[in-house]
Amino acid sequence: RERLMSDRRADVIVIGGGVVGLSTAYYASLNGAKVLVHEKGQVGEGASSGNAGLVVSSYFEPLPGPGVIGEALKHLANPEGFFGIRPCLDVSFLAWLARFWKSCTSRDFAERSRILAELNKEAMKAHLDLAAVGGSDYEFTRKGLLYLYLTEAGLQKARARASVADGFGLKAEILSKDEARSMEPAAGERVVGGVRYLSDAALNPLLFVEWLAAKAREAGAVLLPRCEAYGFRTSGKRVHTVLTTKGEFRADQVVLAAGAWLKGLGKMFGVHLPVEGGKGISQTFYRSGWSVRQPLILGDYHVAVSPLAGAVRVTGLLELSGTDLSLSRRRVKGIRKAAGLYLPAFREKEPDEVWRGLRPCTPDGLPLLGRVAPWRNLFVAGGHDTKGMTLGPLTGRSVSRLLEGKGIGSLQKELSPDRFS
């Protein structure tokens, strides 16, 4: 740290120290770049640390899609529901909502599902490569993912989704009520069936980002926590200086990987990065006396249940709230109530830890990855909404290729941040 703080120059400066920023720093450092990461808080403490920790090939659907608006409106008025919008009169937010609504067509949904399925396939390979090096350090397991349902209508939709997944090469098992409860003994009588995807994995997200940070340092990267970027100096169409709360730093290339704060950073460069924060809440129960055999999705309420070493974590909610991190007691309670419908042992439990984070959401459900025009040395990586832990390492590896002037394959145009210009 002292060496780079003294000369204040790097080949690459990464703004953001979450899973995407740390992955970028790791892979770029392995390629020989001198990398500096600026993180406004503690490295990894944002949306990367307390989430469900799911690495899911099966989660290939974008947020906008047919029926999503109706379902969202149904839950919007419920203060304990799994979807919410914090009222905001900001013009850019209203424009984001309008574009989201326009993205909810069946054709767009099918095409973007295909794109995400392709990304997820490569993302799993990236995770398996990392897990071969240090998976035991961050509780990486590949037990699959079990979706449980309380209604026949929900189960019927899940069967149709499994059929689509099969077309993407994702194998699933359709389970009856008895089969689902046999596979997950914690499931209660109200569960009517489930679908189990065989290839999905899970990890402890806090341990993973700590491991990534350590590997990035080993590769030569310097990580600066509590170092917030608040401005930039440019010349022509190049960025050459980052202004931070710890002074000025010069760089040959700059990567914006700041999650839900990407929109604000983009404004500093006069570019439109339509990213809104989608707040999620997790509740962790230590030494609770009960657990689950494998990661679960409680499908009717979009709640995830993750077994960790000595703990169980329950994660839910998507509240479009910008960068507001306030907690609603009723939202926290609503997640627990939903989980209790599926898992009787969970009822009346009080969490040992409550966490919230902001998922960076784009209006079309696809990430932002690429160089930002008209800037010649400015790149953006983010907008993964609830898929950040799955796609983070692949994104970092892809950014490192872009920094070297290489391409990232057939999806480069579809993921370009310039698609919103």
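Because the structure is a prediction, the values reported are computed rather than measured.

Draft legend 1. Highlighting helix H6 (residues 152-167). Over its 16 residues, H6 runs 23 Å from end to end, which matches the ideal 22 Å to within 8%, given 1.5 Å per residue. By the burial criterion, the buried members of H6 are Gly 154, Leu 155, Ala 158, Arg 161, Ala 162 and Ala 165. All buried residues of H6 project into a common sector of 115° when viewed along the axis, lining one side. In this structure, H6 carries Glu 152, Ala 153, Lys 157, Ser 163 and Gly 167 as exposed residues pointing more than 90 degrees from its buried face. Along its buried surface, H6 packs onto strand S5 (145-149), strand S6 (172-175) and strand S7 (193-197). Once H6 finishes, Gly 169 follows within two positions and takes phi at roughly 85°, a positive value.

Draft legend 2. Region of interest: the packing of aromatic side chains. Summed over the entire model, instances satisfying the criterion amount to 13 aromatic pairs. Both rings, one in Tyr 147 and one in Tyr 197, keep their centres 5.5 Å apart while their planes meet at 70°; by these two values the pair is edge-to-face. In this pair, Tyr 147 sits in strand S5 while Tyr 197 sits in strand S7, placing the two residues 50 residues apart along the sequence. Classification of Tyr 147 as buried rests on a relative accessible area of 9%. A relative accessible area of 2% means that Tyr 197 is categorised as buried. Of the aromatic side chains, those joined through ring pairs into one cluster are Tyr 138, Phe 140, Phe 208 and Trp 211. The side chain of Lys 387 reaches across the aromatic face of Tyr 59, ending 4.5 Å from its centre.

Draft legend 3. The arrangement of the state of the cysteines in detail. In the structure shown here, the tally under the stated rule is zero disulfides. No disulfide involves Cys 104; its sulfur sits 13 Å from the nearest other cysteine sulfur, which is in Cys 361. Assessed through its relative accessible area of 13%, Cys 104 is described here as buried.

Draft legend 4. Layout of the nonpolar core. Val 35, Leu 119, Tyr 138 and Phe 208 are the most contacted members of the largest nonpolar core, which totals 46 residues. Those elements that provide at least two residues to this core are strand S1 (9-15), helix H2 (19-30), strand S2 (35-38), helix H5 (106-134), helix H8 (205-218), strand S19 (378-382) and helix H11 (388-403). If one sorts the elements of this core by residue count, H5 sits on top with eight residues. In contact with Phe 208, other than residues within four places in its own chain, are Val 19, His 127, Leu 130, Tyr 138, Leu 203, Met 389 and Pro 393. Core analysis: the next-biggest nonpolar cluster, separate from the first, contains 28 residues, Leu 36, Val 222, Leu 368 and Trp 375 among them.

Draft legend 5. Structural detail: the pattern of salt bridges. This model, assessed by the stated rule, comprises 25 salt bridges. Asp 108 serves as the salt-bridge partner of Arg 112, at 4.0 Å between the closest nitrogen and oxygen. On the criterion of helical spacing, the pair formed by Arg 112 and Asp 108 is a turn pair, its members being four residues apart in helix H5. Since its relative accessible area comes to 16%, Arg 112 is described here as buried. With a shortest N-O distance of 2.6 Å, Glu 276 and Lys 263 are connected by a salt bridge. Of this pair, Glu 276 sits in strand S13 (residues 276-286) while Lys 263 sits in helix H9 (residues 262-268); the two residues are 13 residues apart in sequence, bridging distant segments of the chain. For the pair Glu 276 and Lys 263, one class covers both residues: buried.

Draft legend 6. Fine view of the packing of H5 against H11. Look at H5 against H11: their axes get within 8 Å of each other, and the N-to-C directions meet at 80°. Relative to H11, H5 is oriented roughly perpendicular. Contacts from Leu 119, Asn 120, Glu 122, Ala 123, Ala 126, His 127, Asp 129 and Leu 130 in H5 reach Met 389, Thr 390, Leu 391, Pro 393, Leu 394 and Arg 397 in H11. By residue class, the composition of the contact of H5 with H11 is eight nonpolar, three polar and three charged.

Draft legend 7. Examining the packing of H5 against H8 more closely. At a minimum axis separation of 12 Å, H5 and H8 run at an interaxial angle of 80°. When the axis of H5 is compared with that of H8, the two are roughly perpendicular. Where H5 approaches H8, its residues His 127, Leu 130, Val 133 and Gly 134 are matched on the opposing element by Phe 208, Trp 211 and Lys 215. Class assignment of the residues belonging to the contact of H5 with H8 gives a composition of four nonpolar, two polar and one charged.

Draft legend 8. Broad picture of the side chain of Asn 377. Checked against the element boundaries, Asn 377 lands in the loop between strand S18 (368-371) and S19. One polar contact links the side chain of Asn 377 to the main-chain carbonyl oxygen of Val 239, over a distance of 2.7 Å. Among the polar contacts listed, one links the side chain of Asn 377 to the backbone oxygen of Asp 252, at a separation of 2.8 Å. If we ignore the near neighbours within four places in the chain, the residues touching Asn 377 are Lys 237, Arg 238, Val 239, Asp 252, Gln 253 and Val 254.

Draft legend 9. Broad picture of the pairing of S7. The buried fraction of S7 amounts to five of the five residues, a majority that puts the element mostly inside the structure. Of the two faces of S7, the one lined by Gly 193, Val 195 and Tyr 197 and the one lined by Gly 194 and Arg 196 are each fully buried. Sheet topology note: the S5/S7 ladder contains five bridges and is antiparallel. If you follow Leu 145 over to S7, its bridge partner there is Tyr 197. Pairing geometry for S6 and S7, over four bridges, is antiparallel. Each residue of the ladder has a partner; that of Glu 173, found in S7, is Arg 196.

Draft legend 10. Expanded view of the pairing of strand S12 (residues 247-256). Of the strand pairs in this sheet, S1 and S12 are connected by six bridges, and their pairing is parallel. Looking at the pairing, Val 12 lines up with Gln 253 of S12. Of the pairings in the sheet, the one linking strand S11 (residues 238-244) to S12 comprises four bridges and is antiparallel in character. Across the sheet, the residue bridging to Thr 244 is Gly 247, located in S12. Between S11 and the antiparallel strand that follows it, S12, lie two residues.

Calculation notes
- Residues numbered from 1 in each chain as written.
- Predicted model: local features only at pLDDT ≥ 70, side-chain atom pairs only at ≥ 80, totals over all residues.
- Heavy atoms only, no water.
- Helix = DSSP H or I, 4+ residues; strand = E, 2+ residues; numbered from the N terminus.
- Expected span 1.5 Å × (residues − 1).
- Buried < 20%, exposed > 50% of the residue type's maximum accessible area, 1.4 Å probe, protein only.
- Arc of directions from axis to C-beta.
- Contact = heavy atoms within 4.5 Å.
- Phe/Tyr/Trp six-rings, centres within 6.5 Å; stacked < 30°, edge-to-face > 60°.
- Lys NZ or Arg CZ within 6 Å of the ring centre and 35° of its normal.
- Disulfide = S-S within 2.5 Å.
- Core = buried A, V, L, I, M, F, W, Y, C linked by side-chain atoms within 4.5 Å.
- Salt bridge = Lys/Arg side-chain N within 4 Å of Asp/Glu carboxyl O.
- Axes fitted to C-alpha atoms, helices over the stretch in contact; angles between N-to-C directions.
- Parallel < 35°, antiparallel > 145°, perpendicular 65-115°, else oblique.
- Nonpolar A, V, L, I, M, F, W, Y, C, P; charged D, E, K, R; others polar.
- Polar contact = N/O pair within 3.5 Å; in protein donor to acceptor, adjacent residues only side chain to side chain.
- Pairing = 2+ DSSP bridges.

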